[in-house]
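# A look at the structure
Read off the chains here:
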Amino acid sequence: MSTWNKLLSKICEKNDMELCYDLSLKYYENKKFRKKINKYRDKHNMILHAQFDYCDVVKDVSKLSLVNNLTLMNCNYVADVSSLKNVHTLNLQSCQNVVDVDNLGLVHKLWLRGCQNIENVKKFGTVHELCLSNCQKVKDVSMLGNVHLLDLIDCQHIFNVKSLGSVHTLYLNNCQNIRDVSNLGNVHHLDLTGCNNI
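Quick look at the structure, then.

Another aspect to go through is the side chain of Thr-71. Position of Thr-71 relative to the elements: it lies in strand S2 (residues 69-71). Excluding residues that lie within four positions of it along the chain, Thr-71 makes contacts with Ala-50, Gln-51, Phe-52, Asp-53 and Asn-91.

Quick look at the structure:
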């Protein structure tokens, strides 16, 4: 573990999330720590970017609600993400304890790749870019027809994609149970690599 990650973990253990994400922001935007944290906030006092990868001691993310671009990849103790509904770009890749994502329907770009316990995605109809790659419990994608970019790679339990004809960019790679794509003729970019039953 790097010196930075050790420092970040110690801060997280103390549950000082404000300091934790402030330092994370400094590190990722300016590794030499030369700028003050206020220079990373916009005119509305919103933190522009914060990234926490493999930070297993992060649990409470409520203080991160004002971050514009937030990455929480492989943060396995994060479960409640309801406070992140106003984040513009949110990456929760491989956060295995995240189950309820109903409050994230207003997020502009949402990555849930590898979140194995997510099942209900009906509230994501207005998300601009949505990645559900390898979300094995997702079955019903009928409400996602207005998503601009939709990634359903390796979603093995999706059968019906008839409602996705208005999606601009659609990745259905390795979705073995899809057989009918006749309604997808207007999709601008369609990837069916590995869909062997069509």
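With that settled, the discussion passes to the sheet that holds strand S7 (residues 169-171). With parallel pairing, eight strands are arranged side by side in an open sheet as S1-S2-S3-S4-S5-S6-S7-S8. Edge positions in the open sheet fall to strand S1 (49-51) and strand S8 (189-191), since each of these has one partner strand only. The mean inter-strand angle of the sheet, taken between neighbouring strand axes irrespective of direction, is 0°. Of the strand pairs in this sheet, S7 and S8 are connected by three bridges, and their pairing is parallel. Pairing of Leu-170 across the sheet is with Leu-190, part of S8.

Looking at where Cys-195 falls in the secondary structure, it is placed in the segment after S8. Note on Cys-195: relative accessible area 10%, which makes it buried. When the C-alpha positions of Cys-195 and Asp-154 are compared, they lie 9.7 Å apart, and in sequence the two are 41 residues distant. In contact with Cys-195, not counting residues within four places along its chain, are Leu-172, Asn-173, Asn-174 and Cys-175.

The rules we used
- Residues numbered from 1 in each chain as written.
- Predicted model: local features only at pLDDT ≥ 70, side-chain atom pairs only at ≥ 80, totals over all residues.
- Heavy atoms only, no water.
- Helix = DSSP H or I, 4+ residues; strand = E, 2+ residues; numbered from the N terminus.
- Contact = heavy atoms within 4.5 Å.
- Pairing = 2+ DSSP bridges.
- Axes fitted to C-alpha atoms, helices over the stretch in contact; angles between N-to-C directions.
- Buried < 20%, exposed > 50% of the residue type's maximum accessible area, 1.4 Å probe, protein only.

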